[in-house]
Amino acid sequence: MTTSAARQFDSLAVHAGQDPDATTGAVIPPVHFSSTYAQDGIGTLRDGYEYGRAGNPTRTALERQLAAIEGGAFGLSFASGLAAEDALLRAVLSPGDEVLIGNDAYGGTYRLISRLLGPWGVSVRVADLSDPAAVEVALAERAPRVVWVETPSNPLLRVTDIASLAQSAHAAGAIVVVDNTFATPALQRPLALGADVVVHSTTKYLGGHSDVVGGAVITSDAEIHEQTRFLQFAAGAVSGPLDAWLTTRGIKTLGIRMQRHSQNAQRIADTFAHDARVARVFYPGLTSHPGHEIAAEQMSGFGGIVSLELESGERARRFAESTRLFTLAESLGGVESLVNYPDAMTHASVRGTELAVPETIVRLSVGIEAIDDLLDDIDRALDA
Ligand SMILES: *Cc1c(COP(=O)(O)O)cnc(C)c1O
C-alpha cells in the first residue's frame, strides 16, 4: 500500500499489507500454504516467490503490516520471539562483542545470549538501564556492540527513557534494540524515539489471543535488515503461513485491545494501590510509580501488565493459586486474564542471577473481561 506512510496507527493495523486479493477481490487475502512456486522458465519467478522458507505471500503480508505499525522500513516474521532475537543477534554480533542488557530483561533473552551465544565468544553485561547514571557508568567502562532494553520491563515495569538511552548508546557506538512486546506499537514507537531495531514476541499482544507463537524484527536500517533476513533464510526459523495469518488477524484489533487492557489495568492498580493486603502495586500508570512521567511522555497508554508485591512468598504463591477468572499460566497479552508467579514460572531460569525476581511478586496480565469481575476475583484471592 503506497500511501500507508501517511496513515495513522489504527488504519495501518487494519490495512497495511492487506490489499484485497488481485485475482478474486477477496477482501481477506488467502492463506498461502504452498511450499514451492511454479517457475515460468528456469529462474523466472512470478512475484519473486521460489520456495517457502525464502518467502511466502502470507508472511510477506504480515511483515509489511509489522513494519507499518512500528513505523519501520522493514519487518521480518519468525517462528517465535526467541527465534527473532537469535537471528537479529547473530546478524549484528561477532565473536568478542558484548551485549549490555537491562537487569530485568526477559529471562529467555538473557539465557539466549549467555548460554547459546556465550560459547561463540559473545558476552553479556547487566545494568539498570532505567537509571541514566548507571547507563553512563556502564557505557564508560566498556563499549558494548548492542544495548538491549525492555520498557516497561518484566515483571517490575521499570521504565526507561528510550530517546535518552539511544543518545548515550549511539555516542558509545552501540546499536539500540528495544523489545516492545509489553508496550506494543499501539502505545509506544521506539524507532521514532531513536532505537535502531524493535523486536517482538508476537505470541503476546500482537497475536493477542494466546493461540499462536511468533516473533518479529523491525528496523529502518537496511544493513541490519539484510543481515537478519539472510539469517531468517539461511537458518530458517520462519513463521508458518497459518501462524502468520493468525498474527495478522490479531494485529488488526491491537489498538482497541490495548486501550481496554490499559483501562482495566489502571482500575486494578488504582483499586489495590492502597489496599492493606497488598505491600506494593507496580504499574506505570500510577503517579507514584518512579517511571510514571517518562512513561506518560513516551507512551500513549500504560499497558495491561500489573505486578503486585505481597507480604511473603507464601502469600504470593497462595494468591496465584487462588484466582478463578485469572488463569494461572505463563505468557501474557491475550484477551483473557492470566496470573503468573515469576520466581517459579516465567523467571525460574534466572533464579540466583542478577535478573532474579523477588519471591513476593505476582504478575497479572490483565485481559479485556468486565472490570468488576476482575476486581472481584483479585479481592477474593487476596483473602484466600
Ligand atoms: C515471551 C517474551 C519473549 C520470548 O518470546 P517467545 O515468543 O516466547 O519466543 C521475549 N521478550 C518478551 C518481553 C517476552 O514476553
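The rules behind the values
- Residues numbered from 1 in each chain as written.
- Predicted model: local features only at pLDDT ≥ 70, side-chain atom pairs only at ≥ 80, totals over all residues.
- Heavy atoms only, no water.
- Pairing = 2+ DSSP bridges.
- Helix = DSSP H or I, 4+ residues; strand = E, 2+ residues; numbered from the N terminus.
- Axes fitted to C-alpha atoms, helices over the stretch in contact; angles between N-to-C directions.
- Buried < 20%, exposed > 50% of the residue type's maximum accessible area, 1.4 Å probe, protein only.
- Contact = heavy atoms within 4.5 Å.
- Phe/Tyr/Trp six-rings, centres within 6.5 Å; stacked < 30°, edge-to-face > 60°.
- Parallel < 35°, antiparallel > 145°, perpendicular 65-115°, else oblique.
- Left-handed = near helix turned anticlockwise from the far one by under 90°.
- Nonpolar A, V, L, I, M, F, W, Y, C, P; charged D, E, K, R; others polar.
- Domains from an automatic or database assignment.
- Buried area = accessible area lost by both parts, 1.4 Å probe.
- Salt bridge = Lys/Arg side-chain N within 4 Å of Asp/Glu carboxyl O.
- Polar contact = N/O pair within 3.5 Å; in protein donor to acceptor, adjacent residues only side chain to side chain.

For the sheet that holds strand β2 (residues 98-102), give the residues involved together with the corresponding values.
Across the sheet, which stays open at both edges, the seven strands sit in the order β1-β7-β6-β5-β4-β2-β3 with mixed pairing between neighbours. The strands lining the two open edges of the sheet, one partner per strand, are β1 (74-78) and β3 (123-127). The average undirected angle you get between the axes of adjacent strands in this sheet is 20 degrees. Where β1 meets strand β7 (residues 215-219), five bridges bridge the pair, whose relative direction is antiparallel. By the bridge assignment for β7, Phe 78 is matched with Gly 215.

Describe the environment of Ala 295, and please don't skip the residues or the numbers.
Note that Ala 295 resides in helix α10 (residues 292-298). Look at Ala 295 and you get buried, because its relative accessible area is 0%. Between the C-alpha atoms of Ala 295 and Ser 307, which are 12 residues apart in sequence, the distance is 16 Å. Apart from the residues lying within four places of it in its own chain, the contact partners of Ala 295 are Val 159, Pro 284 and Phe 302.

Would you mind going over the packing of aromatic side chains in detail, with residue names and values included?
What the rule picks out here adds up to two aromatic pairs. Centre to centre, the rings of Tyr 37 and Tyr 49 are 5.5 Å apart; their planes meet at 35 degrees, and the pair counts as tilted. On the criterion of sequence distance, the pair formed by Tyr 37 in the loop between α1 (9-15) and α2 (57-70) and Tyr 49 in the loop between α1 and α2 is long-range, its members being 12 residues apart. Overall, Tyr 49 belongs to the buried group, its relative accessible area being 14%.

Describe the packing of helix α5 (residues 132-141) against helix α6 (residues 162-171), naming the residues involved and giving the relevant values.
In contact at an axis separation of 10 Å, α5 and α6 are set at 15 degrees when each is read in the N-to-C sense. On the basis of their axis angle, the class for α5 and α6 is roughly parallel. Handedness of the α5/α6 crossing: right-handed. For the pair α5 and α6, the contacting residues are Val 135, Glu 136 and Leu 139 in the first and Leu 165, Ser 168 and Ala 169 in the second. Tallied by class, residues from the contact of α5 with α6 come to four nonpolar, one polar and one charged.

Describe the domain arrangement of the chain, listing the residues and the values that go with them.
Domain annotation for the chain reports domain 1 (4-251) and domain 2 (255-383). A straight line from the C-alpha centre of domain 1 to that of domain 2 covers 25 Å. With 36 residues of domain 1 at the contact, the number on the domain 2 side is 37 residues. A buried area of about 3,000 Å², summed over both sides, lies between domain 1 and domain 2, and 62% of it is on carbon and sulfur atoms. Our count for the domain 1 to domain 2 interface comes out at zero salt bridges. Taken together, domain 1 and domain 2 are joined by 13 residue pairs in polar contact (both at pLDDT 80 or more). Secondary structure elements with two or more residues in the side of domain 1 that touches domain 2: α1, α4 (107-117) and α8 (241-252). No other element matches α4, which puts three residues into the side of domain 1 that touches domain 2. Split by residue class, the side of domain 1 that touches domain 2 holds 18 nonpolar, 14 polar and four charged.

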